[in-house]
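Residue-level structural notes
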Amino acid sequence: MQYDNKSLYDGLVASGLIIPTGEPGVFGRNAVFEDVLERFNGLVTQLAQADGAEKFTFPPTLAREVFEKSGFMKSFPQLAMGVVSFCGCGKDHAELVSRIADGKSYDDLMTRTGVVLIPAACYPIYPSFTGTLPEGGRLVDMTHWVFRHEPSEEPTRMQSFRVREFVRVGSPEAVIEWRNMWLQRGLTLLQSLGLPAQEEVASDPFFGRVGKMLANNQREQKLKFEVVVPVISEENPTAVCSFNYHQDYFSKTFEIMQANGELAQTACLGFGLERVCMALFKHHGFDPKQWPAAVRSKLWP
Ligand code: ZN
């Protein structure tokens, strides 16, 4: 199989699966794409059924206060997407309209709002854990649109995409055991769909020179794993599922205690739903009707 950005992107566009909007990494999806995405997400639901997770949905906007407290700007300022609005008077407005007409910058006329776009599917939930957890901790299930400012021609690198995410909070043992169980589940699920999925120790794209150190540390301590599949490159396979062990980072930040009074720990895992779809289109072709029977019968039983 040949791997490259352009042929995958062109194929997805030509077959109508994605619809360009003029901004790199921002596109529409057609009904066939959405069907595959929902079917896959349904398989994840089946796998998780017996776990008894609490289901929540948060909007794409996150309170800026929570965002700032979470420390995202320390680690990934380059990926953050804030929300601004016009709060000026009539005179400012005339200036705004005229600058837009002239193609000039109007950044100084805009004001930060109280929200940012959520950078990771799990961020909205942590403040709700503040306090003492029930015996055994908690498990949460969410599907959210997330936003990353990394405009790119790579079809797998989107500025907004959906993540099916689970968050486990509790004792260190419970959190690690849960993470390990899902690592195996994720691999088995993706392999059962005919994808050459593998697990890898990974690191986050921390900003700057200090960030390199943080990334090395994260790798050494094996705090982040990814399940990867070659989609646009064989040497650099694409992460379709990511497992993050935060230790007590969010528990310290948001004061989350176990029932026994000790500080809790957290871990999360997320399936990048669009990326899974793209991996399926890459490996089985752009027409799901032509996919191998074994794959079809899993997704459309
Ligand atoms: Zn997360």
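Model, not experiment: these values are computed from the prediction.

Criteria and thresholds
- Residues numbered from 1 in each chain as written.
- Predicted model: local features only at pLDDT ≥ 70, side-chain atom pairs only at ≥ 80, totals over all residues.
- Heavy atoms only, no water.
- Donors = N, O, S within 2.8 Å, 3.2 Å for Na, K, Ca; no water.
- Helix = DSSP H or I, 4+ residues; strand = E, 2+ residues; numbered from the N terminus.
- Buried < 20%, exposed > 50% of the residue type's maximum accessible area, 1.4 Å probe, protein only.
- Arc of directions from axis to C-beta.
- Contact = heavy atoms within 4.5 Å.
- Polar contact = N/O pair within 3.5 Å; in protein donor to acceptor, adjacent residues only side chain to side chain.
- Phe/Tyr/Trp six-rings, centres within 6.5 Å; stacked < 30°, edge-to-face > 60°.
- Lys NZ or Arg CZ within 6 Å of the ring centre and 35° of its normal.
- Domains from an automatic or database assignment.
- Buried area = accessible area lost by both parts, 1.4 Å probe.
- Salt bridge = Lys/Arg side-chain N within 4 Å of Asp/Glu carboxyl O.
- Pairing = 2+ DSSP bridges.
- Axes fitted to C-alpha atoms, helices over the stretch in contact; angles between N-to-C directions.

1. Concerning the coordination of the zinc ion
On the protein side, the zinc ion has Cys 122 (SG), Glu 165 (OE) and Cys 268 (SG) as donor atoms, found 1.9 to 2.3 Å from it. Sequence spacing of the donor residues for the zinc ion, all on one chain, is C-x42-E-x102-C. Here Cys 122 is found in the loop between β6 (110-117) and β7 (131-132), whereas its partner Cys 268 is found in strand β14 (residues 265-272), with 146 residues between them in sequence. The exposure classification of Cys 122 matches that of Cys 268, with both residues buried.

2. A word on helix α1 (residues 5-14)
Turning to α1, its buried residues are Leu 8, Gly 11 and Leu 12. When α1 is viewed along its axis, its buried side chains cluster within an angular range of 100 degrees and face the same direction. Exposed and facing more than 90 degrees away from the buried side of α1 are Lys 6 and Ala 14. Where α1 is buried, its residues meet β1 (18-20) and α9 (273-284). In this structure Asp 4 caps α1, since a side-chain oxygen of it lies 3.3 Å from the backbone nitrogen of Lys 6.

3. What to know about the packing of aromatic side chains
Inspection of every chain in the model, using the stated rule, returns 14 aromatic pairs. Judged by centre distance (5.6 Å) and plane angle (70 degrees), the rings of Phe 40 and Phe 271 are edge-to-face. Of this pair, Phe 40 sits in helix α2 (residues 31-48) while Phe 271 sits in strand β14, and the two are 231 residues apart along the sequence. Using a relative accessible area of 0% as the deciding quantity, one classes Phe 40 as buried. A connected cluster of aromatic rings, assembled from ring pairs, spans Phe 67, Phe 72, Phe 76, Tyr 123, Tyr 126, Phe 129, Phe 206, Tyr 249 and Phe 250. The ring of Trp 182 is capped by Arg 185, whose NZ or CZ atom sits 4.6 Å from the centre of that ring. The ring centre of Trp 300 lies 4.8 Å from the NZ or CZ of Arg 296, which sits over that ring.

4. Thoughts on the domain arrangement of the protein chain
Domain parsing of the protein chain yields domain 1 (5-62 + 75-81 + 119-299) and domain 2 (82-117). Computed over C-alpha atoms, the centres of domain 1 and domain 2 are 34 Å apart. Summed over both sides, the interface between domain 1 and domain 2 buries roughly 570 Å², with carbon and sulfur atoms accounting for 60% of that surface. Broken down residue by residue, the surface that domain 1 buries against domain 2 is led by Thr 61, Leu 62 and Met 81, which jointly contribute 72%. Across the contact surface, domain 1 and domain 2 share zero salt bridges.

5. Some details on the sheet that holds strand β9 (residues 160-170)
Reading across from one edge, β3-β8-β9-β14-β12-β11-β10 is the order of the seven strands in this open sheet, with mixed pairing throughout. The sheet is open, and its two borders are formed by β3 (54-55) and β10 (198-201), each paired with just one other strand. Here α9 sits on the sheet in contact with β8 (138-147), β9, β11 (224-229), β12 (238-247) and β14, set at roughly 40 degrees to β14.

6. Some words on the sheet that holds strand β5 (residues 82-86)
The strand order β4-β6-β5 describes an open sheet built from three strands, whose pairing is antiparallel. Two strands close off the open sheet at either side, each with one partner strand: β4 (61-63) and β5. The sheet shows a mean angle of 60 degrees between the axes of neighbouring strands, direction not considered. For β4 and β6, the ladder comprises three bridges, and the chain directions are antiparallel. Within β6, the position partnered with Ala 63 by the bridge is Val 115.

7. With respect to the pattern of salt bridges
The final tally for this structure, using the stated rule, is 17 salt bridges. Via salt bridges that share partners, Arg 29, Glu 34, Arg 162 and Glu 274 belong to a single interconnected network.

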